[in-house]
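Structural overview for review
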Amino acid sequence: MIGASRWPALALGCIALSAAFGAPAGGPESWVPIRWQGGPLEVARRTLDGTLPQDSAVREALARWYEPETLDLLAGSPVNCLLVTWSSGGEPSVEEKQHALVGAYARRAREKGIAVLGLVYAGASPARFVPPAIEAGLDGLMVDGGPEGGAALTAQVANALRSAGSAALVLTVAGTPAEAFASSSAVAIVQGVWPGARNLADMGIRSGPSADSWIDSNIWLVRYLRAAAPGRPVWISSEPRDGAATGFLRCAAEAAVAGGRWIIAPDDQWRAAWLRKAPEALAKWERLAACLKFAAEHAEWRSFTPYGKLGIVVDPAGPSPDASNEYLNLAARRQIPYRVILRPRLDREALAGLQALLAADLSAPTSEERALLGNFAGQGGLVVAGPSWGVASKDQPYVELPLAKGRVVVYRDDPPDPEEVARDLLDLLSTEQMGVSAFNVPSVLVYAGTGGPSGPVLIQLLNYSGFPAEAITLRVNGSFKRAWLHQPGAAAVELTLNRTGQWTELAVRELAVWGGVLLEQ
Amino acid sequence: MQTTTGNFSRRDWLAVSGLAAGVLAAGRAQAAAAAPVAPVAVAKVPSYDEDLVARFETMFDQIGGLGGLVRDKTVAMKLNLTGGGRYEGYTAGQTHWVHPRVVGALTAVFGKLGARRVRILESAGRREGIPLEDKLLSGGWDVNAIRNAAPVVEFEDTNGLGLSKSYSTLQVRTAPMIFSAFTLNRSYEDCDFFVSVGKMKNHEEMGITMSMKNLFGITPALLYGSRETVFHYGRVQPPSGVPAELDPKSNRYEGWRLPRLITDICGARPIDLAVLDGIESCVGGEGPWCLGSKPCKPQLLLVGRNCVCTDAVGVATMGYNPRAGRNEAPFRVYKDPKGHPPEQLIPPGETHQYAENIMLLAESVGMGSADLSRIEVRGVPVKEAMFDFEAFWKGQMRA
């Protein structure tokens, strides 16, 4: 794990390198990345792994992708970082041709203020691809080696760059959240899921009336990685599951909701049609670009503090990383607002403002942690713990024990089943402890943030369904003067507020993909 | 069902003889023949955008009028809601909940008829203190529109005590099969006119939902515990202080238990008016969590004073035989044959399960007749109204 204090230094290093090559101002925190593979090496690589498109026109577009005109496709959009094919350990002559082609292309890109990262794949030799990368002035190299060999290759690339005196970035696409968490890369890049919602029955899974839609989401993952190292950019890598425009919008939006970025990944067919200016391909890009612009126009949302009176303690070094991840994922799925607390940072200050704490990931709390949690519960809080807390029931999934002014819930299983815990939290948490409730959102995830104690409250809504979400009701604890709904490609709309006691209720008539409701106090 | 052609199979015989044996054993054959009947109004309604107030006014007139029954009275409506999942692109009210416009229109009509109060009931909350309105909001309902549809409209979650301080225990007035009484939220006793607003749809365990099955949800889970554990399978007995099962050693199979248990519930809290919302619905199960289920548009609305007659006519408009045996559609069900002990699948080796025909059970205790030849259908004849659920489920017709 890298301390938060190191990220500014890394970013400065990157800026310095960019200045040396006349590259765009700003470091990776301002980059909006896109996969931009092509050229003869990409064709050769795809031929080898059997993923070369069958359509000859698409293959041709791929081969010609580093002709200057493709840079024009991005004109006017926020995209400012290209991930280009750099090395895959192919035939030396093909690699050399690729380096010459991409080198020239990268110079043109950088003149337009666009950063360029070279993608390198498993099997590539740093001795052969690092020197030309330095010569071409690439802003960095990104190891996209998949689960095998990524770490080793990353280390080799870093050594080669260091030996050559280059400060170019070395980035890696981590295969798991734990790898991304532990990575010292200047950008936390992790393989995510293609976001969407499905009925369990459509997946052939028998369930019951209380079952929710299955939502594949990366929001929890971005939040986790941002909590691990505030200030370090988080990128989600996920490849298209289908060519539907809404899916691309959702990818970009849901990464941005929690302050991350999706590595835009247009599929081959789309890129080929885009290059030949096919109207539907252009329209698809315009919609995506509008979504990216929306994110850029609301960049301040990224600095909002997560809203929540529940804290979820995550132990990055714990014995059950999957359970740790699932507590975050499934609590979000149940629309429970929470704040992430990493175990090493669990202290009195981290608990400020919280009313409940899910500490099931502390498989064995230390005496200090136990005292802290006991004191939290004793003062009226709710602590949800695993069996190591003691006094777990043999018959019931959990027992609820009063402790001074508060209570402790102790689960029997270790680790407690995240699905059960997330469901039970809805019973254990009062409406006030939830703080924000959303209704009629079977395929929508809600993420709330706040701009400070007396600042605005922001409730972002992300629709995972292929159909618009309608008639959503939001109920927020507190009194607010005005509320606005912001959506990409649409003017902000003021919402009517209904106040009942300490609650403010408002309705969102329709949500296409992404919306932000900003409530002013 | 095949009858006298010589193709009558062993399973058919078993289905009929099993039911007949039960009926005879209870000595209720005469009761079945003399079960009461009441007219049922059937309407073809293309969509929820129709003037449903006018529709219901017409249908209420067709069944003899309700003014004298509800004027200055408390009308309680038990809604048929259920899980909050969705079929992609549909609202819950379109497919597996009753639709809010149906509820709003009924509320308005009862208000126009002079009801002193309309009380909207359903068991929904996972704990006490959560208003029913939250459940309705979770379906995207315009709660205020319903609240404003009549002079006094109240909402109550009946999964526990709700707005009361104590429960009511209601005795089963018909011959009890599983329970002789139920302890319920007081609003099921404190009403003058009780309406079951059911969805016309299939059900994974029961074959059909309709108005009688809708009453399963009046049992307060916050008192009894999990409905699945206590009622579906009878794995545990109800907690002390509430009426116990008559015979805790009786058959635990849900296809046997549930229809009997729900007949008992309907005997404890008789339905004064049955309403079936089949304007849109789903086939193959009671909601999107059921494997193989899908949305459909039968465009049907039914009302009747007798819940058995109304459900029987409703089942007929779904293309089923309301007197079908337990190995025939819709009572031949496909929930999870592998998940049940083989001895529960009668005859052994079936690839499907069975549910008893709840209408015949209710008929056998004198609740109402499921005999179409005895029931007067007003409005659209069954043949003209029919939407064949089985054919649609099998992909043999379009919506």
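Quantities reported herein were computed from a predicted structural model and do not represent experimental measurements.

Structural notes on the side chain of Glu133 of chain B
Secondary-structure assignment places Glu133 of chain B in helix α7 (residues 132-138). Excluding anything up to four places from it in sequence, Glu133 of chain B contacts Val143, Arg147 and Phe155 of chain B.

Considerations on the nonpolar core
By size, the foremost hydrophobic cluster in this structure holds 112 residues, and its most contacted members are Trp36, Leu82, Leu141, Trp262, Trp285 and Trp514 of chain A. With near-sequence residues (within four places) excluded, Trp285 of chain A lies in contact with Ile34, Leu73, Leu74, Ser77, Val79, Trp270, Trp274 and Leu292 of chain A. Judged by nonpolar contacts, the second largest core, of 68 residues, contains Ala76, Ile178, Tyr253 and Leu258 of chain B.

Here we look at the layout of surface pockets
A volume near 890 Å³ is recorded for the second largest pocket. Contributions of two or more residues to the lining of the second largest pocket are made by β7 (196-198) and β21 (469-477) of chain A together with α5 (92-95), α6 (100-112) and α8 (143-147) of chain B. Residues of the lining of the second largest pocket, tallied by class, amount to 14 nonpolar, 14 polar and 9 charged. Split by domain, the lining of the second largest pocket shows at least three residues from each of two domains, domain 1 (6-200 + 211-235 + 242-298) and domain 3 (436-520) of chain A.

Focus on the sheet that holds strand β11 (residues 305-306) of chain A
Residue and element names in this part refer to chain A. The strand order across the open sheet built from 6 strands is β11-β19-β20-β26-β22-β23, with neighbouring strands paired in antiparallel fashion. Lying at the two open borders of the sheet, with one neighbouring strand each, are β11 and β23 (490-495). The pairing of strand β22 (residues 482-487) with β23 spans 4 bridges and is classified as antiparallel. Bridged to Trp484 within β23 is Glu494. On the sheet, helix α10 (residues 245-257) packs against β19 (444-450), β20 (457-463) and β26 (514-520) and is oriented at approximately 150 degrees with respect to β20.

A short note on the domain arrangement of chain A
All names here are of chain A. Domain boundaries assigned for chain A yield domain 1 (6-200 + 211-235 + 242-298), domain 2 (308-430) and domain 3 (436-520). A separation of 28 Å is found between the C-alpha centroids of domain 2 and domain 3. With 5 residues of domain 2 in contact, the opposing surface of domain 3 contributes 6 residues. Across the domain 2-domain 3 interface, the total number found is 0 salt bridges. Of the residues in the side of domain 2 that touches domain 3, the class split is 2 nonpolar, 1 polar and 2 charged.

Structural notes on the packing of helix α13 (residues 321-333) of chain A against helix α15 (residues 418-428) of chain A
Residues and elements named next belong to chain A. Close contact between α13 and α15 brings their axes to 9 Å; oriented N to C, the two are set at 35 degrees. Relative to α15, the crossing made by α13 is right-handed. Listed contacts from α15 to Ala323, Glu326, Tyr327, Leu330 and Ala331 of α13 are Pro418, Glu419, Val421 and Ala422.

Some points on the confidence of the model for chain B
Looking at chain B, pLDDT values average 90 and 88% of them are 70 or higher. Note that pLDDT drops below 50 for residues 1-27 of chain B; the model gives that stretch 31 contacts with residues more than four away or on any other chain.

Focus: empty space enclosed by the protein
Residue and element names in this part refer to chain A. Tallying each qualifying case throughout the model produces 6 cavities of 30 Å³ or more. Here the largest cavity defines a volume of roughly 150 Å³. The wall of the largest cavity is formed by 16 residues, among which Ile336, Pro337, Val446, Tyr447 and Ala448 lie closest to the centre. For the lining of the largest cavity, the secondary structure elements donating two or more residues are α9 (219-228), β18 (436-439) and β19. Classifying every residue of the lining of the largest cavity by side-chain character gives 13 nonpolar, 2 polar and 1 charged.

Let's talk about the pattern of salt bridges
Overall, the coordinates contain 43 salt bridges over all chains when judged by the stated rule. With a closest N to O distance of 3.0 Å, Glu42 of chain A and Arg45 of chain A form a salt bridge. In this pair, Glu42 of chain A and Arg45 of chain A are both assigned in helix α2 (residues 39-49), 3 residues apart and thus about one turn of the helix distant. Two residues, Lys199 of chain B and Asp277 of chain B, come together in a salt bridge whose shortest N-O distance is 3.1 Å. With Lys199 of chain B in strand β7 (residues 193-199) and Asp277 of chain B in strand β10 (residues 273-278), the pair connects residues that are 78 residues apart, well separated along the chain. Residue Asp277 of chain B is classed as buried on the basis of its relative accessible area of 0%. Each member of the salt-bridge network shares a partner with another, and the members are Glu42, Arg45, Arg46, Asp49, Asp268 and Arg271 of chain A.

Comments concerning the packing of helix α5 (residues 92-111) of chain A against helix α6 (residues 126-136) of chain A
Residues and elements named next belong to chain A. With their axes 10 Å apart at the nearest point, α5 and α6 run at an angle of 20 degrees to one another. Relative to α6, the element α5 lies roughly parallel. As for how α5 packs across α6, the hand of that crossing is right-handed. Side by side, α5 and α6 meet where Pro92, Glu95, His99, Gly103 and Arg107 of the first sit next to Arg128, Phe129, Pro132, Glu135 and Ala136 of the second. Of the residues that constitute the contact of α5 with α6, the class distribution is 4 nonpolar, 2 polar and 4 charged.

Cut-offs applied
- Residues numbered from 1 in each chain as written.
- Chains lettered and ligands numbered in written order.
- Predicted model: local features only at pLDDT ≥ 70, side-chain atom pairs only at ≥ 80, totals over all residues.
- Heavy atoms only, no water.
- Helix = DSSP H or I, 4+ residues; strand = E, 2+ residues; numbered from the N terminus.
- Contact = heavy atoms within 4.5 Å.
- Core = buried A, V, L, I, M, F, W, Y, C linked by side-chain atoms within 4.5 Å.
- Buried < 20%, exposed > 50% of the residue type's maximum accessible area, 1.4 Å probe, protein only.
- 1 Å grid on protein atoms, 1.4 Å probe; cavity = no way out; pocket = protein on both sides within 12 Å on 5 of 7 lines; lining within 4 Å.
- Points joined across faces, edges and corners; volume = space filled by probe spheres on them.
- Nonpolar A, V, L, I, M, F, W, Y, C, P; charged D, E, K, R; others polar.
- Domains from an automatic or database assignment.
- Pairing = 2+ DSSP bridges.
- Axes fitted to C-alpha atoms, helices over the stretch in contact; angles between N-to-C directions.
- Salt bridge = Lys/Arg side-chain N within 4 Å of Asp/Glu carboxyl O.
- Left-handed = near helix turned anticlockwise from the far one by under 90°.
- pLDDT = per-residue confidence, 0-100.
- Parallel < 35°, antiparallel > 145°, perpendicular 65-115°, else oblique.

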